[in-house]
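# A look at the structure
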Amino acid sequence: MRFITDRKRAVGMGSAKSGTEHFWRVKIQSFALVLLMPLFVFTFGSKIGASYADITSYFSRPFPAIVAALTIVVGMVHFKDGVQVLIEDYIHGLAQKITIIIMICLSYAIAATGLFAIARLAL
């Protein structure tokens, strides 16, 4: 009979040591989005239905362009982290790795497209 405690059996089979970091990163992103989303709605929403010339002159100012860029970047990184957790929970094996890679590439492509659009409007 072996006298091994439950703790000894569990040693070496623990976490990947990144759960707390990921949790806090998502919480900080959430807080940033709580601040950025109203700013984005008020800056972008006031120009819905305006002409192209009005939009380009408005987004050529630094504040609306920076708010829109920060909202896109933080939103897509938050999306990437959230969907990655969902994929890790519900998809397993090779399909999990492929899906995570596709999702990361897609979210960075959306962020890059949004930043390019803002740069085109601002410059």
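Bear in mind that the values here come from a model prediction, so they are computed numbers and not experimental data. (Residues numbered from 1 in each chain as written. Predicted model: local features only at pLDDT ≥ 70, side-chain atom pairs only at ≥ 80, totals over all residues. Heavy atoms only, no water.)

## Regarding the nonpolar core
Quick note on the threshold: What is meant by a nonpolar core is a set of buried Ala, Val, Leu, Ile, Met, Phe, Trp, Tyr and Cys residues, joined one to another through side-chain atoms within 4.5 Å. Three exposure classes are used, based on accessible area relative to the maximum for each residue type with a 1.4 Å probe and protein chains only: buried under 20%, partly exposed in between, and exposed over 50%. Think of it this way: any DSSP run of H or I at least four residues long counts as a helix, any run of E at least two long counts as a strand, and we number them from the N terminus. We call two residues contacting when some pair of their heavy atoms lies within 4.5 Å.
If you look at the biggest cluster of nonpolar residues, it comprises nine residues: Phe-40, Ile-55, Tyr-58, Phe-59, Ala-65, Val-67, Ala-68, Ala-69 and Ile-118. Of all the elements in the fold, those that place two or more residues in this core are helix H3 (52–59) and helix H4 (62–90). Of all the elements, H4 adds the most residues to this core, at four residues. Those residues in contact with Ile-55 that sit more than four places away from it in its chain are Lys-47, Ala-50 and Leu-121.

## Here we look at the packing of aromatic side chains
Where we set the bar: Only centres within 6.5 Å qualify two rings of Phe, Tyr or Trp (six-membered ring in Trp) as a pair; their planes then separate them into stacked at under 30 degrees, edge-to-face at over 60, and tilted for everything else. A ring is scored as having a charge over it whenever the NZ atom of a lysine or the CZ atom of an arginine sits within 6 Å of its centre and within 35 degrees of its normal.
A complete count under the given rule lists four aromatic pairs for this structure. When the ring of Phe-23 is compared with that of Trp-24, the centres are 5.6 Å apart and the planes differ by 80 degrees; the resulting orientation is edge-to-face. Under the relative-accessibility criterion, Phe-23 is labelled partly exposed at 43%. Under the relative-accessibility criterion, Trp-24 is labelled exposed at 52%. Look at Phe-40 and Phe-44: their rings are 5.3 Å apart centre to centre, the planes differ by 5 degrees, and that puts the pair in the stacked class. Note that Phe-40 and Phe-44 are positioned in helix H2 (residues 19–45) at a spacing of four residues, about one turn of the helix. Three or more aromatic residues joined by ring pairs form one cluster here, namely Phe-40, Phe-44, Tyr-58 and Phe-59. In this structure, Lys-47 packs its charged tip against the face of Tyr-58, placed 4.9 Å from the ring centre.

## Examining H2
The condition that has to hold: Any helix carries an expected span of 1.5 Å times its number of residues minus one. The angle separating two fitted axes, one through the seven residues that finish at a residue and one through the seven that start at it, defines the bend at that residue.
Taking 1.5 Å of rise per residue, the 27 residues of H2 would be expected to cover 39 Å, and the 37 Å separating its terminal C-alpha atoms lies within 8% of that figure. Along its length, H2 shows its largest kink, about 25 degrees, at Leu-36, and proline Pro-38 lies within four residues downstream of that point. When H2 is considered as a whole, its buried residues turn out to be Gln-29, Leu-33, Leu-36, Phe-40 and Thr-43. Of the surrounding elements, those touching the buried residues of H2 are H3 and H4.

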